[in-house]
Amino acid sequence: MEVLADALALIDDREPVDLIVQPGVLDRDRGMPRERLDEILVVRHENEISGTTDIAERPEFAARRTTKVIDGVTHTGWFTEDFTLAELKTLRCKERIPDLRPANVALNGIEQILTLDEVLDIAETAGGEAPAGVYIETKHPTYFEGLGISLNDLLIETLERRTHQLKQVERQ
């Protein structure tokens, strides 16, 4: 958590920090095809993760490199929706635009992919008495709807669950 706080501190104050959520899959057997297992939102700029993680350097995932058409554009690489959360957690993040944010390069290979819940946990504690704000953006919702995954539903479920949990804590 300390590393993420340091990373956020390095980002230029004039630019908002955008947290873009994409689904990864949890490896739970419910008798459904792999891409229809329980989803959890992870924080990445895009669902194609070769530009923001070390996945291209990971031989155990080389066979998962594929080509997909996402919102009419062809992309080749590795995609969050093709991995379990445990697999995504083995990856390490890297700065996708090093020329724009050179200070962030020092953090390449240190932090793992975070879930939306983890980012919200950090935001709740990072601001002292008032929690830090989080700007959430979903990407390619139509593409994921085609896979049977509703990003909007996942996001709303996550936020409603957390609001309910927060209310429970406040009552204690």
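Our structure is the block above this text.
Now for a description of the structure that goes with this document. (Residues numbered from 1 in each chain as written. Predicted model: local features only at pLDDT ≥ 70, side-chain atom pairs only at ≥ 80, totals over all residues. Heavy atoms only, no water.)

1. Here we look at the overall build of the chain
Looking only at helices and strands, the chain features five helices and five strands. Beginning at the N terminus, the succession of helices and strands in the chain can be written as α-β-β-β-β-α-α-β-α-α. The burial tally for the chain puts 40% of its 172 residues in the buried class. Carbon and sulfur atoms form 52% of the exposed surface of the chain, whose accessible area is close to 10,000 Å². (Helix = DSSP H or I, 4+ residues; strand = E, 2+ residues; numbered from the N terminus. Buried < 20%, exposed > 50% of the residue type's maximum accessible area, 1.4 Å probe, protein only. Areas by Shrake-Rupley, 256 points an atom, 1.4 Å probe, with all protein chains shown as cover.)

2. A closer look at the environment of Cys93
For Cys93, the position within the fold is in the loop between α2 (85-90) and α3 (116-126). Between the alpha carbons of Cys93 and Val105 there is a distance of 10.0 Å; along the sequence they are 12 residues apart. Excluding anything up to four places from it in sequence, Cys93 contacts Arg44, Thr52, Thr53, Leu107, Asn108, Gly109, Ile110, Glu111, Gln112 and Ile113. (Contact = heavy atoms within 4.5 Å.)

3. Re the side chain of Glu48
Mapped onto the fold, Glu48 is located in the loop between β2 (39-43) and β3 (66-70). Notably, Glu48 is buried but unbridged: the nearest opposite-charge side chain belongs to Arg65, and the N-O separation is 7.0 Å. Within polar-contact distance, the side chain of Glu48 engages the side chain of Ser50 at 2.8 Å. For Glu48, the contacting residues outside a window of four places in its chain are Thr76, Gly77, Trp78 and Phe79. (Lys, Arg positive; Asp, Glu negative; His and termini not counted. Salt bridge = Lys/Arg side-chain N within 4 Å of Asp/Glu carboxyl O. Polar contact = N/O pair within 3.5 Å; in protein donor to acceptor, adjacent residues only side chain to side chain.)

4. Observations regarding a negative patch on the surface
Together, Glu145, Asp153, Glu157 and Glu160 make up a negatively charged patch on the protein surface. Within the fold, Glu145 resides in helix α4 (residues 141-146). (Patch = residues over 30% accessible without salt bridge, like charges linked within 9 Å, V, L, I, M, F, W, Y side chains within 5 Å. Charge placed at Lys NZ, Arg CZ, Asp CG, Glu CD.)

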